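Coordinates in review
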Amino acid sequence: MAATGEALTPQGYIQHHLTNLSVGEGFWTWHIDSLFFSVGLGVLFLWLFHSVGKKATTGVPGKLQCFVEMIVEFVDSSVKETFHGRNPVIAPLALTIFVWVFMMNFMDMVPVDWIPELAMAAGIPYMKVVPTTDLNITFSMAIGVFLLIIYYSIKVKGVSGFVKELTMQPFNHWAMIPVNFLLETVTLIAKPISLALRLFGNLYAGELIFILIALMYGANWALSTLGVTLQLGWLIFHILVITLQAFIFMMLTIVYLSMAHEDH
Amino acid sequence: MNINATLLGQTVAFIIFVWFCMKFVWPPLMNAIEERQKRIADGLADADRAVKDLELAQAKATDQLKDAKATANEIIESANKRKAQIVDEAKAEADAERAKIIAQGQAEIEAERNRVKEDLRKQVAVLAIAGAEKILERSIDEAAHSDIVNKLVAEL
């Protein structure tokens, strides 16, 4: 249990776990912990894959290389199944999203109190270790994907094609342009929002349940035992959730980008 | 959990990571994978070809074995023929040699017999003369009958 110094209430415990370590005021607030863990995990991922890629042999691969190549081939086949064009960005983008989101989600597997307690011992008051439970993190990736959608829509279809797509569908008549525009804009905007909120919601809920289960510890031995069992059960289930969420984010990115490449 | 500047920082990080992945992570890994796939495909093709080659070689070896057996049979046959021929020749030669040796022996025996006969005749003559002398010493005058004795000696 977190020793916050103040009186330890369940509300205080949960509140403490869900507060970011931040500097700055208003909009210019920076969530140091989210940025630290996400960038750190991203660098870890890129360093690992880059070092394997540099030493990659075409002969008999080592175990690490096999593992990395397995992931790369998995992503590559997913991209090739969905996206039938030539684009040098989509496959590396999908790989980055898949592995990075998975690693950020994986921070959820670390027992909820470990890193905040360590941080507390080091004098850092707040520490939220799962970056994907921060809306900013999920939204920024979704916005990155959104910008790519717009970029490729315009690149493939031209500005007029893109505008036509927004205004002449689904009702191909000049009088319906405002309705079409409204519908298509909502569809377009819904893409990044659904991407970001889906990942955020799943991970935030998962983290919250971990915290709630962790509240059962220390009450009495029966509740503690139940808590351990529940924690274990949720953890095992959560392995599926974090992998699935990473996969969904990657898959939807590929699907959205391949839709952006399609000419109607 | 409100939207703030973290969004900007993370977006920048995201763009940099994707760019890095595109430039330095994806190409070498994909190259290695594709290169290996090519090598495996080549290896499989080679294996197929090797199997075909092996089959051909086996067929060729069987043919050659058959040829070799036929040749060996031929050689053995001709050798047998030659052997019989040689044996026959040797037999004929030996016969001739034997006949020659027998003839020579007989000739030698004949010569020896003739020589012994001559010797015996001479000795018989001497004995006869000696016997005649003994008989004649008593009754005959040596001088009167010397012509007869001489005649005898001349006859012998």
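What follows covers the overall build of chain A. Regarding its fold elements, chain A presents eight helices and two strands. Along the chain direction, N to C, the helices and strands of chain A fall in the order α-β-β-α-α-α-α-α-α-α. Principal axes of the C-alpha set define a box for chain A whose edges measure 70 × 55 × 35 Å. A total accessible area of about 13200 Å² is found for chain A, and carbon and sulfur atoms account for 74% of it. Of the side-chain charges in chain A, 11 are positive and 16 negative, and the distance between the mean point of each set is 13 Å.

A tally of regular secondary structure across chain B gives two helices and zero strands. For 156 residues, the compact-globule estimate of 2.2 N^0.38 gives 15 Å, and the C-alpha radius of gyration of chain B, at 61 Å, exceeds that figure by more than 25%. Principal-axis analysis of the C-alpha atoms gives chain B an extent of 195 × 30 × 25 Å. A total accessible area of about 12700 Å² is found for chain B, and carbon and sulfur atoms account for 61% of it. A gap of 8 Å separates the mean positions of the 23 positive and 27 negative side-chain charges of chain B.

This part covers the side chain of E69(A). Mapped onto the secondary structure, E69(A) falls in helix α3 (residues 63-82). Using a relative accessible area of 5% as the deciding quantity, one classes E69(A) as buried. Other than its neighbours up to four places away in sequence, E69(A) contacts A32(B), I33(B) and R36(B).

Our next topic: the interface of chain B and chain A. Frequently, the measure chosen for interface size is the accessible area removed from exposure when the parts meet. Taken together, the contact between chain B and chain A spans 30 residues of the former and 51 residues of the latter. Interface area for chain B against chain A, summed over the two sides, is near 3600 Å², with a carbon-plus-sulfur share of 76%. Applying the counting rule to chain B against chain A returns one salt bridge. For E69(A), the salt bridge is made with R36(B), and the minimal N-O distance between the two is 2.7 Å.

Here the focus is the packing of aromatic side chains. Residues and elements named next belong to chain A. The tally for this structure, following the rule as stated, stands at 15 aromatic pairs over all chains. Plain terms: the ring middles of F102 and F106 are 5.9 Å apart, the flat faces sit at 35 degrees to each other, and that makes the pair tilted. Highlighted residues: F102 and F106, both in helix α4 (residues 90-106), separated by four residues, approximately one helical turn. What makes F106 partly exposed here is its relative accessible area of 42%.

About the criteria used
Residues numbered from 1 in each chain as written. Chains lettered and ligands numbered in written order. Predicted model: local features only at pLDDT ≥ 70, side-chain atom pairs only at ≥ 80, totals over all residues. Heavy atoms only, no water. Helix = DSSP H or I, 4+ residues; strand = E, 2+ residues; numbered from the N terminus. Areas by Shrake-Rupley, 256 points an atom, 1.4 Å probe, with all protein chains shown as cover. Lys, Arg positive; Asp, Glu negative; His and termini not counted. Charge placed at Lys NZ, Arg CZ, Asp CG, Glu CD. Rg over C-alpha atoms; globule rule 2.2 N^0.38 Å. Buried < 20%, exposed > 50% of the residue type's maximum accessible area, 1.4 Å probe, protein only. Contact = heavy atoms within 4.5 Å. Buried area = accessible area lost by both parts, 1.4 Å probe. Salt bridge = Lys/Arg side-chain N within 4 Å of Asp/Glu carboxyl O. Phe/Tyr/Trp six-rings, centres within 6.5 Å; stacked < 30°, edge-to-face > 60°.

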